[in-house]
Amino acid sequence: IGQLPLLAADAAVDLNARYNALLLLGQVDRVEPNATSNIAAVPLAEVTPLLVGAFDKQDFPEALRIAALVGLARQKEWQVVIGAAPSIAGVAAKLPASKMPPPGFSVSGHQWARKLALQMVVGLAKSGSEMNRPETVKALFEILNDDQEPLFLRRDAALALGNIDPTAISS
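Cut-off values and rules
- Residues numbered from 1 in each chain as written.
- Predicted model: local features only at pLDDT ≥ 70, side-chain atom pairs only at ≥ 80, totals over all residues.
- Heavy atoms only, no water.
- Helix = DSSP H or I, 4+ residues; strand = E, 2+ residues; numbered from the N terminus.
- Rg over C-alpha atoms; globule rule 2.2 N^0.38 Å.
- Buried < 20%, exposed > 50% of the residue type's maximum accessible area, 1.4 Å probe, protein only.
- Areas by Shrake-Rupley, 256 points an atom, 1.4 Å probe, with all protein chains shown as cover.
- Lys, Arg positive; Asp, Glu negative; His and termini not counted.
- Charge placed at Lys NZ, Arg CZ, Asp CG, Glu CD.
- Polar contact = N/O pair within 3.5 Å; in protein donor to acceptor, adjacent residues only side chain to side chain.
- Contact = heavy atoms within 4.5 Å.
- Salt bridge = Lys/Arg side-chain N within 4 Å of Asp/Glu carboxyl O.
- Expected span 1.5 Å × (residues − 1).

(A) Geometry of the overall build of the protein chain. Looking only at helices and strands, the protein chain features nine helices and two strands. The N-to-C order of helical and strand elements in the protein chain reads α-α-β-β-α-α-α-α-α-α-α. Taken over the C-alpha trace, the protein chain has a radius of gyration of 16 Å; the compact-globule value for 171 residues is 16 Å, and the two agree within 12%. The principal-axis extent of the C-alpha atoms belonging to the protein chain is close to 45 × 40 × 25 Å. Counting every position in the protein chain, which comprises 171 residues, the buried fraction comes to 43%. About 8600 Å² of surface is accessible on the protein chain, with carbon and sulfur atoms providing 59% of the total. The average position of the 15 basic charges and that of the 17 acidic charges among the side chains of the protein chain differ by 2 Å.

Here you go:
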């Protein structure tokens, strides 16, 4: 992972290079995928706190924060070392319920961030119990039932809800 976090954080570097550095960081694997041998990718867990930190940096441009979310969503698509799931869940839990963009985000960027968070919710729900909480279920239902929400977010909320443990939904 070497210089990628430093490159992403350096405001003197071109934004495109910083964005690509964060995307690359999200692609780093402990175990590389091999379709012939039926081996799935296992992301490098040490990258998770770097991506969470990049997303949480309010002075980072929106594009960099979204690149961090792309990496976190990818980590939840694949196997993540157990210790990384709670910090990914912390990021995923922040966004679905937020109707207004956080500081530094455009409306479109916020919608994209919420979509990525919903993808994380699906991955987390499939592999653990981090998302089986009443506030997550409430946020998903609110997105699903709000005709003013973009259709792609309502679809992703339905998909996420379908992966939540039914006992969490009934409570």
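(B) Fine view of the side chain of arginine 74. Counting through the fold element by element, arginine 74 comes out in helix H4 (residues 62–77). Note on arginine 74: relative accessible area 11%, which makes it buried. Side-chain polar atoms of arginine 74 contact the side chain of glutamine 27, separated by 3.2 Å. For arginine 74, the contacting residues outside a window of four places in its chain are Gly26, Gln27, Val28, Asp29, Ala41 and Pro43.

(C) Region of the structure containing unusual backbone geometry. Even without a glycine there, the phi angle at asparagine 38 is positive, about 60°. Taking the relative accessible area as the measure of exposure, asparagine 38 reaches 71% and is therefore exposed.

(D) Molecular detail of the pattern of salt bridges. Scanning the model with the defined rule gives 11 salt bridges in all. Put simply, lysine 99 and aspartate 146 hold a salt bridge, and the shortest N to O gap is 2.6 Å. Pair noted here: lysine 99 is in the loop between helix H5 (85–94) and helix H6 (107–127) and aspartate 146 is in the loop between helix H7 (134–145) and helix H8 (151–163), with a separation of 47 residues, a long-range link. Of the residues examined, lysine 99 reaches a relative accessible area of 41% and is grouped as partly exposed. Lysine 138 is the salt-bridge partner of glutamate 142, the closest N and O atoms lying 2.7 Å from each other. On the criterion of helical spacing, the pair formed by glutamate 142 and lysine 138 is a turn pair, its members being four residues apart in helix H7. A single salt-bridge network, built from bridges that share partners, covers Lys99, Arg114, Asp146 and Glu149.

(E) Fine view of H4. When the terminal C-alpha atoms of H4 are compared, their 23 Å separation across 16 residues agrees well with the 22 Å that a helix rising 1.5 Å per residue should span. Burial analysis of H4 places 12 of its 16 residues in the buried class, the great majority of the element. Inspection of H4 places Leu64, Arg65, Ile66, Ala67, Ala68, Leu69, Gly71, Leu72, Ala73, Arg74, Gln75 and Lys76 among the buried residues, and these make up the whole buried set.

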